[in-house]
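# Overview (structure and organization)
Here is how the chains run, residue by residue.
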Amino acid sequence: MQEKDLNLASRMGRIEGSGVRRMFELVSSMKNPINLSIGQADYDAPSEMKEAAIRAIHEGKNKYTVTEGIPALVEGVLNRIEKREGFRPESAFMTSGVSGGLLLSVLALIDPGDLVLLPDPYFVMYKNVLEMVGAELAFFDLYPKEPGAGWRVHPDELVRLFARKPKLVLVNSPSNPTGGILSSETLDLFTELASKEGTWILSDEIYDHFSYDGPFPSMIPRMQQHERSIVLGGFSKTWGVPGWRLGWALGPDAILDKMRLLQQYTFVCCPTPLQYGALMGIERDMSEELEAYRKKRDLVFDGLRDFYDLEKTEGSFYAFPAYPKGWTETEFIQACLERRLLVVPGSAFSKRATHFRISFATNEKSLQEGIEVLRSLVK
Ligand code: PMP
């Protein structure tokens, strides 16, 4: 069948194939790629989690759970958050990853034509999910004002955008793809402007664990000042289980109740045995894994800082350097591919095509090889 014969819904015309997925497809056709394009930790799940999941299957815990997830897991998530942030959100439930939480939030809040603010660069899913529901998008710029200035908001621009009374603002810190972390002052500014305009804040904190220079500022305690807040987090990255599809949503009970209602008719519930597996991991200390990632962050920054315009990664496991002068995106990505190196073109995450994403979520050997290739391109 040809595309014109499919008689598709109009929303399909607004959705783009993900640049990251295309890299995934390329990997399968390449021999020995140096793969710095992957958005998942390279370590495996803790064995006690895997064993608990297998045990749950053998014990017959293979039926549906309640929509919101097994109570012990929801409680475990809330306890973990409260211990870290000194504040316990009113309500929580388990989502089908942060991706599921994003979709449910947007379905619950956004009508066609509603104005939504999101960062540029952004995680690819944001733009496409918002396009699915017909939102009007406006971007706030995060690009460094000058090399070394970091990935920061421009307060004047935020004030201008909030004056348009957006329904929702999407915030992501630590960030994919920039590796930046938003400061407490910036989160306070979002909170203040959103309170003034009645805007919902949706904060994606999936990389909460990957903060390299001290604790990262979270939107969670700010929920006390601004009730219209939803914070999403999950198991995928920290615990090395992106295939388990387990995340959580935190926020006021009234809005989470609407999202749970939507979950009943979409995802139904998270995979039952994997919820039991996750329960075993929630209290586990993952600082060893974090320490290894801090080393990788340093390796990338020290290896490339003299060759590229590059902000030091503060959180997540990405770096987002600028293309060297004189190169177009296509030329640069092509030159990388010819050297078996996979990185993701920045235009997959942005209106601009000036930067590219390196994921350092891989072994040290690949990382060293990749850094060598990148250095050789500008030597
Ligand atoms: N948000 C961000 C910023 C991400 O990078 C990712 C994964 N690449 C997700 C959400 C999706 O996470 P999950 O596996 O929990 O759906």
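Residues numbered from 1 in each chain as written. Predicted model: local features only at pLDDT ≥ 70, side-chain atom pairs only at ≥ 80, totals over all residues. Heavy atoms only, no water.

## Side note on the packing of helix α10 (residues 287–304) against helix α12 (residues 364–378)
- The contact between α10 and α12 brings their axes to 10 Å, and the two run at 15 degrees. Relative to α12, the element α10 is oriented roughly parallel. The handedness of the crossing between α10 and α12 comes out as right-handed. Residue-level contacts link K296, L299, V300, G303 and L304 of α10 to E364, L367, Q368, I371, L374 and R375 of α12. (Axes fitted to C-alpha atoms, helices over the stretch in contact; angles between N-to-C directions. Helix = DSSP H or I, 4+ residues; strand = E, 2+ residues; numbered from the N terminus. Parallel < 35°, antiparallel > 145°, perpendicular 65-115°, else oblique. Left-handed = near helix turned anticlockwise from the far one by under 90°. Contact = heavy atoms within 4.5 Å.)

## Focus: the pairing of strand β4 (residues 136–141)
- Counted residue by residue, β4 has five buried out of six residues, so it is predominantly covered.
- As paired elements, strand β3 (residues 115–120) and β4 share six bridges and run parallel to each other. Each residue of the ladder has a partner; that of P119, found in β4, is F140.
- For the crossover that starts at β3, traverses helix α5 (residues 124–132) and ends in the parallel β4, the hand is right-handed. (Buried < 20%, exposed > 50% of the residue type's maximum accessible area, 1.4 Å probe, protein only. Pairing = 2+ DSSP bridges. Right-handed = clockwise from strand over helix to strand, strands pointing away.)

## Observations regarding the sheet that holds strand β12 (residues 356–359)
- In space, the three strands of this open sheet follow the order β9-β12-β11, with antiparallel pairing throughout. Each edge of the open sheet is held by one strand with a lone partner, namely β9 (318–319) and β11 (344–345).
- As paired strands, β11 and β12 are joined by two bridges and run antiparallel to one another. Across the sheet, the residue bridging to V344 is R357, located in β12.

## With respect to a nonpolar patch on the surface
- A grouping of M1, L6, L8 and M12 is seen on the molecular surface, where their side chains present a nonpolar patch of about 450 Å² in accessible area.
- Its place among the elements puts M12 in the segment before α1 (19–29). (Patch = residues over 30% accessible without salt bridge, like charges linked within 9 Å, V, L, I, M, F, W, Y side chains within 5 Å. Areas by Shrake-Rupley, 256 points an atom, 1.4 Å probe, with all protein chains shown as cover. Salt bridge = Lys/Arg side-chain N within 4 Å of Asp/Glu carboxyl O.)

## What about the domain arrangement of the protein?
- The domain boundaries assigned to the protein delineate domain 1 (3–44 + 286–378) and domain 2 (47–279).
- Taking the mean C-alpha position of each, domain 1 and domain 2 sit 23 Å from one another.
- The interface of domain 1 with domain 2 comprises 34 residues on the first partner and 40 residues on the second.
- Summed over both partners, the interface of domain 1 with domain 2 comes to about 3,400 Å²; 52% of that surface belongs to carbon and sulfur atoms.
- Of all residues in domain 1, E311, E314 and F349 give up the largest surface area on contact with domain 2, accounting jointly for 21% of the area buried on that side.
- Counting across the domain 1 and domain 2 interface gives four salt bridges.
- Joining domain 1 to domain 2, the criterion identifies 26 residue pairs in polar contact (both at pLDDT 80 or more). (Domains from an automatic or database assignment. Buried area = accessible area lost by both parts, 1.4 Å probe. Polar contact = N/O pair within 3.5 Å; in protein donor to acceptor, adjacent residues only side chain to side chain.)

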